[in-house]
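Secondary and tertiary structure notes
Take a look at the letters that make up each chain.
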Amino acid sequence: MRTLHLDRFEKEINDRVLERGSEYYLEGRVTPVQSDGGECVFTVDGSDKYQVRLSIQGNTVDDYECDCPYDMGPVCKHIAATLYYLRSLSKQKSAKKKKVRKNINPYERGIVSAIEYASYRGYIDWRSARELGETAEGMLADAESELECCNYRQCMDIAIPVMTHLCHALDYADDSNGDIGDPIRMAFDLLMRIACSDVLDSETRSALRLFCFDSFTSNTFGSYDWHMGMMEIASELATCRGEADAVIQLLNESCPPASGEGDDYHRRFLYERAMSLILSLMKKFYSSEETGAFRSKHLGIKDVRKDAIIDAIESGAFEEAKRIALEGVELDAKDKPGLVPLWQNFLLRIAILQNDSESVIKYAELLWIEGYPYYRPEEGEVIIDYYSLLKETVGEKNWPGYIEQFAEQLRKKSSWYSNSYADLCIKENWWGKLMEYVAEQKDARYIKEYEKYLKADYRDRLVDLYCECVYERLEKGVGRPVYQEICSYLRHIKKLGRKDIVRETIEDLRAKYPRRPALLDELDRV
C-alpha cells in the first residue's frame, strides 16, 4: 500500500477516482465519525453508506481502507472524498453570464465561435469536443434558468442554435465520449418541455412549431434521432385536428412503409416511429372508430400492438387482448425474438386479471427460465416479480416441493447473461447451493457478485476460489489490465480478513514472475 500525502495526493490517485471523490466532497457527503490520535473514521454517502478508516501521521496518510466493493485500485472515490475533506479544499467554478441584448442572439454567436475555435485544425478532436460540450452546457444552464422563469421564447432562442450548430459539428468531430451529443439531447429536452407547458403563449408555440416543421423537411438533424424528435415536439404542440392532420400528412409523405425484408433498417425504423406518432395524435383528435381501424391495420408495429393490448385490457376485453398478444408471440418469434417477452408479459398480466392460475404459472415460469427474474417495463407495462407471484399462486403447502423441482430447470438455463438460479438461492436462503453454484462457474465475476451473501459462512472457500482465479488468470494472460484484475481479487481476499494469504500470494507471485515489471508494479499497489 502506497503512502498518500495530503498536499499532493492528486498526483498519486487515478484521475477518474479524484473527479468522483471531489464531487462527493463538494456535495457534502463526508461525515466524520471518530478521531483517535492518528486514527480517523468517516462515513461517506454513496449508493450506500460506506465507512472509511485512515491512519494519519502529520501530512501523511499511512494506511487507508474503505468497506465499499471497489476493487480496481488501492484508492476508491470515498477515500478520495475523505482526503479532500481533511485538506478542506474547495474548488468552485464560476461562470459569468452575459446579458442578452435586444435584436441579437449572443448565444448563437457564442456557439458558432466555440465550434470554430474547437475545429481550428479542420476537425474536432476528443479534447476539444469536451471543452466545446462544457461551453454548450453552460449556455443551456442559462436556458434552464429561463425555462424555470417561464421565459419560453428566451429559452428557445438559446436551445435551438446550440442544438442545430452542434449537430452539424458532429460530422467532423470525435464525439466518442458524448461530449457534444449530450448537450444536443439537453437542448432537445428543453424544447420538449416548452412544448408540454400548459401556459405556453401562442406566439412562442407557433414559432417552435414552425422550427420543427422546417428542420424536419430540410433534414437539419440528418439520420439522428432528433430528426424524428422534431415531429414528436410538433405532435405535442398540436391543439386541434387540423394541426394534427398537418403533422400526420408530413409523416406519411416523409416516412413511407418499408417495401420488403431487404429494405433499409433505418427506413423501417422511421416508418414504425412515424406510425406510433400518428397513433398518438389520432387518440387525441380522432374518433375511437378511426383510431381502432388504424390500429388494426398496423398491428405489425410494436407500439401499435402494445397500445391495442393495453386498450383491450383497460376496457375489460381480456380475450381480445390475449388474442393480440398471442399473435404477437407467433409473428415475432422468428424475426423479432426480443419482443416475445413483451407479449408474454402481457399474457401473464391478463392471466392474473382473469385469476387463471395455470396460465399464471406457465408464463411466470417461462419468463423466469428465459432470464427475466422480473420484466423491466416500458411505459404502460407492469413490473412483476415472478418469484413472489409463483409463491403466492402455488401456495405455501405445495411450495417446497414445487420450488425444488423448478430450481433444477433454472439451473440448467442460467447463463452469463442471466443468474436466475443464483437469485433464487438468495431468495430461499440456500447458501450451500449458492456456494456450490458459484464454485462451479470458475469465474471471479460470480465470486465478486455473491461474496456478500457467502462470506459469513464460506469465507475460506471464497479465499481459495479467488486464489485459484489469480493463478489461472496469470497463466492465460499478460498485460497491465490482467494484472490490475488479479490485484482486485487480492483486495477482495484482504477485505475478507485474510491479509496473511495476500502477503503469501504476493511473495509467491514475485518469485514466480520476476520478469513481469508491470505485474510487480501493480502488486505494490495492493
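Here's a quick rundown of the structure. (Residues numbered from 1 in each chain as written. Predicted model: local features only at pLDDT ≥ 70, side-chain atom pairs only at ≥ 80, totals over all residues. Heavy atoms only, no water.)

Examining the overall build of the protein
Counting its regular elements, the protein contains 23 helices and five strands. With respect to the three principal axes, the spread of C-alpha positions in the protein is 80 × 70 × 45 Å. Classification of the 526 residues of the protein by burial places 46% in the buried group. Restricting to contacts in the protein with at least 6 residues of sequence separation, those with at least 24 account for 59%. Here the protein displays about 28,300 Å² of accessible surface, and carbon together with sulfur accounts for 48% of that area. The protein carries 73 positive and 92 negative side-chain charges, and their two centres are separated by 4 Å. (Helix = DSSP H or I, 4+ residues; strand = E, 2+ residues; numbered from the N terminus. Buried < 20%, exposed > 50% of the residue type's maximum accessible area, 1.4 Å probe, protein only. Contact = heavy atoms within 4.5 Å. Areas by Shrake-Rupley, 256 points an atom, 1.4 Å probe, with all protein chains shown as cover. Lys, Arg positive; Asp, Glu negative; His and termini not counted. Charge placed at Lys NZ, Arg CZ, Asp CG, Glu CD.)

Notes on the packing of helix α6 (residues 181–195) against helix α8 (residues 225–237)
Closest axis-to-axis distance for the α6/α8 pair is 9 Å, and the angle between their directions is 15°. If you check the angle between α6 and α8, you find them roughly parallel. The interaxial crossing formed by α6 with α8 has right-handed handedness. Contacts between α6 and α8 involve Gly181, Ile184, Arg185, Phe188, Leu191, Met192 and Ala195 on the former and, on the latter, Trp226, Gly229, Met230, Glu232, Ile233, Glu236 and Leu237. (Axes fitted to C-alpha atoms, helices over the stretch in contact; angles between N-to-C directions. Parallel < 35°, antiparallel > 145°, perpendicular 65-115°, else oblique. Left-handed = near helix turned anticlockwise from the far one by under 90°.)

Considerations on the pairing of strand β3 (residues 39–45)
Here β3 lies mainly inside the structure; five of its seven residues are buried. Bridge count between strand β2 (residues 30–36) and β3: six bridges; the pairing is antiparallel. Bridged to serine 35 within β3 is cysteine 40. Taking the residues that link successive antiparallel strands as the turn, the β2-β3 hairpin has two residues, and the phi of glycine 37 there is positive, at about 65°. The pairing of β3 with strand β4 (residues 49–57) spans seven bridges and is classified as antiparallel. What sits directly across from aspartate 45, in β4, is lysine 49. Linking two consecutive strands that pair antiparallel, namely β3 and β4, is a turn of three residues. (Pairing = 2+ DSSP bridges.)

Comments concerning unusual backbone geometry
With a phi close to 65°, cysteine 150 is a non-glycine residue in the positive phi region. In this structure, cysteine 150 sits in the loop between α4 (126–148) and α5 (152–169). Among the residues examined, cysteine 150 registers a relative accessible area of 44% and is labelled partly exposed.

Details of the sheet that holds strand β5 (residues 60–66)
Taken together, the five strands give an open sheet; going across it, the order is β1-β5-β4-β3-β2, and neighbouring strands pair in antiparallel fashion. In this open sheet, the two strands that pair with only one neighbour each are β1 (4–5) and β2. Contacts from helix α2 (residues 77–87) reach β1, β2, β3, β4 and β5, with the element oriented near 55° to β4.

Thoughts on the packing of aromatic side chains
One pass over the structure, following the stated rule, counts 15 aromatic pairs. Here the aromatic rings of tyrosine 25 and tyrosine 84 are separated by 6.2 Å at their centres, their planes lie at 20°, and the arrangement is stacked. Taken together, the positions of tyrosine 25 in helix α1 (residues 15–26) and tyrosine 84 in helix α2 put the pair 59 residues apart, joining distant regions of the chain. Neither residue differs from the other here; tyrosine 25 and tyrosine 84 are each classed as buried. When the ring of tryptophan 399 is compared with that of tyrosine 402, the centres are 5.7 Å apart and the planes differ by 40°; the resulting orientation is tilted. Within this pair, tryptophan 399 and its partner tyrosine 402 are both found in helix α17 (residues 399–413), separated by three residues, close to a single helical turn. On the basis of relative accessible area, tryptophan 399 is assigned to the buried category, the value being 5%. Feature note: the residues Trp368, Tyr387, Trp399, Tyr402 and Phe406 constitute an aromatic cluster, connected by ring pairs. (Phe/Tyr/Trp six-rings, centres within 6.5 Å; stacked < 30°, edge-to-face > 60°.)

Some details on the pairing of β5
Taken together, the two bridges between β1 and β5 define a ladder with antiparallel strand orientation. If you follow leucine 4 over to β5, its bridge partner there is valine 61. Here β4 runs beside β5; their pairing, made up of six bridges, is antiparallel. Residue valine 52 lies in a different strand from β5, and its bridge partner there is cysteine 66. In sequence, β4 turns back onto β5 through a hairpin of two residues, with glycine 58 there showing a positive phi of about 65°.

Comments concerning the pattern of salt bridges
A complete count under the given rule lists 34 salt bridges for this structure. Here glutamate 144 makes a salt bridge to arginine 193, at a shortest N to O gap of 2.8 Å. Linking glutamate 144 in helix α4 with arginine 193 in helix α6, this pair joins segments that are 49 residues apart in sequence. Taking the relative accessible area as the measure of exposure, glutamate 144 reaches 23% and is therefore partly exposed. Here arginine 480 and glutamate 522 are joined by a salt bridge, their closest N and O atoms 2.7 Å apart. A residue pair is termed long-range when its members are at least 10 positions apart, and arginine 480 in helix α21 (residues 480–495) and glutamate 522 in helix α23 (residues 517–524) qualify at 42 residues. (Salt bridge = Lys/Arg side-chain N within 4 Å of Asp/Glu carboxyl O.)

A word on the nonpolar core
In terms of nonpolar packing, the biggest core is built from 78 residues, with Leu348 and Ile486 touching the most fellow members. Per element, the largest residue contribution to this core is 13 residues, and it comes from helix α20 (residues 444–476). Sequence-distant contacts of leucine 348, defined by excluding residues within four places in its chain, comprise Val360, Tyr363, Ala364, Leu367, Ile384, Tyr386 and Leu389. In terms of nonpolar packing, the next biggest core, distinct from the first, is built from 68 residues, Leu132, Ile160, Phe211 and Val247 among them. (Core = buried A, V, L, I, M, F, W, Y, C linked by side-chain atoms within 4.5 Å.)

Examining a negative patch on the surface
A cluster of acidic side chains, namely Asp36, Glu39, Asp48, Asp62, Asp63, Glu65 and Asp67, defines a negative patch on the protein surface. By the secondary structure assignment, aspartate 63 is in strand β5. Under the relative-accessibility criterion, aspartate 63 is labelled partly exposed at 36%. (Patch = residues over 30% accessible without salt bridge, like charges linked within 9 Å, V, L, I, M, F, W, Y side chains within 5 Å.)

Describing helix α15 (residues 357–369)
Taking 1.5 Å per residue, 13 residues should reach 18 Å; α15 reaches 18 Å between its end C-alpha atoms and fits that length. If you check which residues of α15 are buried, you get Ser359, Val360, Tyr363, Ala364, Glu365, Leu367, Trp368 and Ile369. The secondary structure elements touched by the buried residues of α15 are α13 (318–335), α14 (340–353), α16 (386–394), α17 and α18 (420–428). (Expected span 1.5 Å × (residues − 1).)

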